[in-house]
Amino acid sequence: MKLRAPLKDYIWGGTKLKTDYGKETDLDKVSESWELACHKDGMSIIENGSEKGRTLRSYLDEAGQGILGEHAKKFPYFPLLIKLIDAKDNLSVQVHPDNDYAMRVEGEFGKTEMWYIVDCEPGATLIYGFKHEITKEEFERRIADNTLLEVCNQVPVHKGDVFFIESGTLHAIGKGITICEIQQNSNTTYRVYDYGRVGKDGKPRELHVKKAIDVTNLEPVKERPRLDAVVDIFADTKARLLASCEYFTVYGLEVDGTSHLTAGMDSFQSFTVLEGQVTLKCGETELTFTKGESSFLPAGLGSYMLSGKASLILSKI
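All of the points below concern the structure found in this document. (Residues numbered from 1 in each chain as written. Predicted model: local features only at pLDDT ≥ 70, side-chain atom pairs only at ≥ 80, totals over all residues. Heavy atoms only, no water.)

## Examining the overall build of the chain
For clarity, the threshold we go by: The numbering of helices and of strands both runs from the N terminus, where a helix is a DSSP run of H or I of at least 4 residues and a strand a run of E of at least 2. The reference for a compact globule is 2.2 Å times residues^0.38; the radius of gyration itself is calculated from the C-alpha atoms. The rule is simple: take the accessible area with a 1.4 Å probe, protein chains only, and divide by the maximum for that residue type; under 20% is buried, over 50% is exposed, in between is partly exposed. Two residues qualify as a contact provided that any one of their heavy atoms is within 4.5 Å of a heavy atom in the partner residue. What sets the accessible areas is the Shrake-Rupley method with a 1.4 Å probe; for residues, cover comes only from the shown protein chains. A positive count includes Lys and Arg, and a negative count includes Asp and Glu. His and the chain ends are not counted in either. A single reference atom marks each charge: NZ on Lys, CZ on Arg, CG on Asp, CD on Glu.
Broken down by element type, the chain carries five helices and 21 strands. For 317 residues, the compact-globule estimate of 2.2 N^0.38 gives 20 Å, and the chain sits close to it at 19 Å. In terms of overall dimensions, the chain has a C-alpha envelope of 60 × 40 × 40 Å along the principal axes. Burial analysis of the chain (317 residues in total) assigns 54% to the buried set. In the chain, the proportion of contacts linking residues at least 24 apart, taken out of those at least 6 apart, comes to 73%. Here the chain displays about 14,100 Å² of accessible surface, and carbon together with sulfur accounts for 47% of that area. Separation between the mean location of the 39 positive side-chain charges and that of the 48 negative ones in the chain comes to 2 Å.

## Section: the side chain of lysine 8
Defined as follows: Any pair of nitrogen or oxygen atoms within 3.5 Å is treated as a polar contact; in protein, a donor-acceptor pairing is required on top of that, and neighbouring residues in sequence qualify only through side-chain atoms on both sides.
By secondary structure assignment, the location of lysine 8 is in strand β2 (residues 7-8). From its side chain, lysine 8 meets the backbone oxygen of aspartate 41 in a polar contact 2.3 Å long. Not counting the four nearest positions on each side in its chain, lysine 8 is found in contact with Lys29, Val30, Ser31, Glu32, Trp34, Asp41 and Gly42.

## Some words on the layout of surface pockets
Heads up, the condition is: Detection works on a 1 Å grid of protein atoms alone, calling trapped sets that fit a 1.4 Å probe cavities and calling open sets with protein on both sides within 12 Å along at least five of seven lines pockets, with lining residues defined by an atom within 4 Å of a point. Grid points are joined across faces, edges and corners, and a volume is the space filled by probe spheres set on the points. Note that Gly is not counted as nonpolar here; it falls among the polar residues with everything else outside the nonpolar set of Ala, Val, Leu, Ile, Met, Phe, Trp, Tyr, Cys and Pro and the charged set of Asp, Glu, Lys and Arg.
Approximately 530 Å³ is the volume attributed to the largest pocket. Gln94, Asn187, Thr188, Thr189 and Arg191 are, among the 30 residues lining the largest pocket, the residues nearest its centre. Elements that contribute at least two residues to the lining of the largest pocket include exactly β3 (32-36), β7 (80-87), β9 (113-120), β13 (171-172) and β15 (190-193). Tallied by class, residues from the lining of the largest pocket come to nine nonpolar, nine polar and twelve charged.

## With respect to helix α2 (residues 56-63)
Our working rule: Throughout, the arc means that of the directions going from the helix axis to the C-beta atoms.
Every buried residue of α2 is listed here: Leu56, Tyr59 and Leu60. Projection of α2 onto a plane perpendicular to its axis shows the buried side chains occupying an angular sector of 95 degrees, all on one side. Opposite its buried face, α2 presents the exposed residues Asp61 and Glu62, each directed more than 90 degrees away. Turning to α2, the residues buried within the fold contact β1 (2-4), β3, β4 (38-39) and β6 (45-46). One or two positions beyond α2, positive phi appears at glycine 64, with a value near 100 degrees.

## A short note on the pattern of salt bridges
Note the threshold: Any carboxyl oxygen of Asp or Glu that lies within 4 Å of a side-chain nitrogen of Lys or Arg is treated as forming a salt bridge with it.
The full count for this structure, using the stated rule, is 22 salt bridges. A salt bridge links glutamate 293 to lysine 2; its shortest N-O distance comes to 3.4 Å. Pair noted here: glutamate 293 is in the loop between β19 (285-290) and β20 (294-295) and lysine 2 is in strand β1, with a separation of 291 residues, a long-range link. Between aspartate 266 and lysine 316 there is a salt bridge, and its shortest N-O distance comes to 2.7 Å. Highlighted residues: aspartate 266 in the loop between β17 (249-263) and β18 (269-282) and lysine 316 in strand β21 (residues 302-316), separated in sequence by 50 residues. When salt bridges that share partners are traced, they join Asp89, Asp194, Arg197 and Arg205 into one network.

## Section: the environment of arginine 4
Inspection of the secondary structure puts arginine 4 in strand β1. With 23 residues separating them in the primary sequence, arginine 4 and leucine 27 have C-alpha atoms 15 Å apart. Here arginine 4 is in contact with Met43, Ser44, Ile45 and Glu47, once residues within four sequence places are set aside.

## Some words on unusual backbone geometry
Of note, asparagine 146 is a non-glycine position whose phi angle comes to about 60 degrees, a positive value. Tracing the backbone shows asparagine 146 in the loop between α4 (136-144) and β11 (152-156). Despite not being glycine, tyrosine 195 shows a phi value in the positive range, around 60 degrees. Among the structural elements, tyrosine 195 can be located in the loop between β15 and α5 (209-215).

## Some points on the sheet that holds β2
Where we set the bar: For two strands to be treated as a pair, DSSP must find no fewer than two bridges joining them.
Reading across the sheet, the six strands line up as β2-β3-β7-β14-β9-β12 and stay open at both edges, with antiparallel pairing between neighbours. With partners counted over all chains shown, the strands left at the sheet margins are β2 and β12 (162-165), one partner each. One ladder, built from two bridges, connects β2 with β3; its direction is antiparallel. Bridged to leucine 7 within β3 is serine 33.

## What about the side chain of lysine 83?
Tracing the backbone shows lysine 83 in strand β7. By relative accessible area, lysine 83 is classed as buried at 3%. A polar atom in the side chain of lysine 83 sits 3.4 Å from the side chain of glutamate 32. Once residues lying within four places of it in the same chain are set aside, the contact partners of lysine 83 are Glu32, Ser33, Trp34, Glu35, Lys111, Ile179, Cys180, Glu181, Gln183 and Asn187.

## Some points on the pairing of β18
Counting buried positions over the 14 residues of β18 gives ten, a clear majority of the element. As defined by bridge partners, β18 adjoins β21 across twelve bridges and the pair is classed as antiparallel. The residue of β21 that forms the bridge with glutamate 275 is serine 311. Examined bridge by bridge, β18 and β19 share six bridges and lie antiparallel to one another. The residue of β19 that forms the bridge with lysine 281 is glutamate 286.

Okay, structure coming up:
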């Protein structure tokens, strides 16, 4: 299935997702394109076949849990949310809670996520945890007196970099960065610093200081080892394992010619085209995907082919 993404126009976004990634909208700017979404705040729409026009959520409710695969059985909700993000300006400094806290306080699951740097301007940076360990008292004080950035770990970024953002990690995407984000299906974010900006109503955007203090890991990030394993479902495709955890497994694929892949019974798959164009062939189905388009492939689909020249992000459980 080809998916149409719900779009978000937060104040820090730009126009790249419209001009470079083909997102058609009347919005002046597009901050986020929710490429795979079954959330109350945004739903993917199916764009082809007999289910055209339905939300992916509606289709899944009718088709049943089986098409999500064996690995999805441990989740009482659709497990993934995948986004393209255009940060023309800095995002707020923020943190996401873990499952226990989020479920108890917000009524939804927490958020662990990963970022793939699709593109960035020269000199672009992002915030990734703290320079050194601080106390809760110092954290609260620095939020109050606007000195938090002094202890944040600013990291220069380059195209192709990967960051794993475990729940509890203080973070912020910096201006001039385009990201593909794969995350738990949650929209809970606690802001602690927002550069003094105001929202559409002319008032400062809400901060969530108490909740952030409750959930933030105040030590520097313990970076995970770089992953580069290639597995046999990509027998004739150049692939790199970008992230793997209990919530998702993510690969970067380079298709040049014809690639044979498999969607087994373990998990559904979703790919997002970052560059180029590919045609998917499976049985009688043939669909072409261009830059900025995404798919949903049900578990048990079996063998399929991708033909063309493109860079993709492929995600599964």
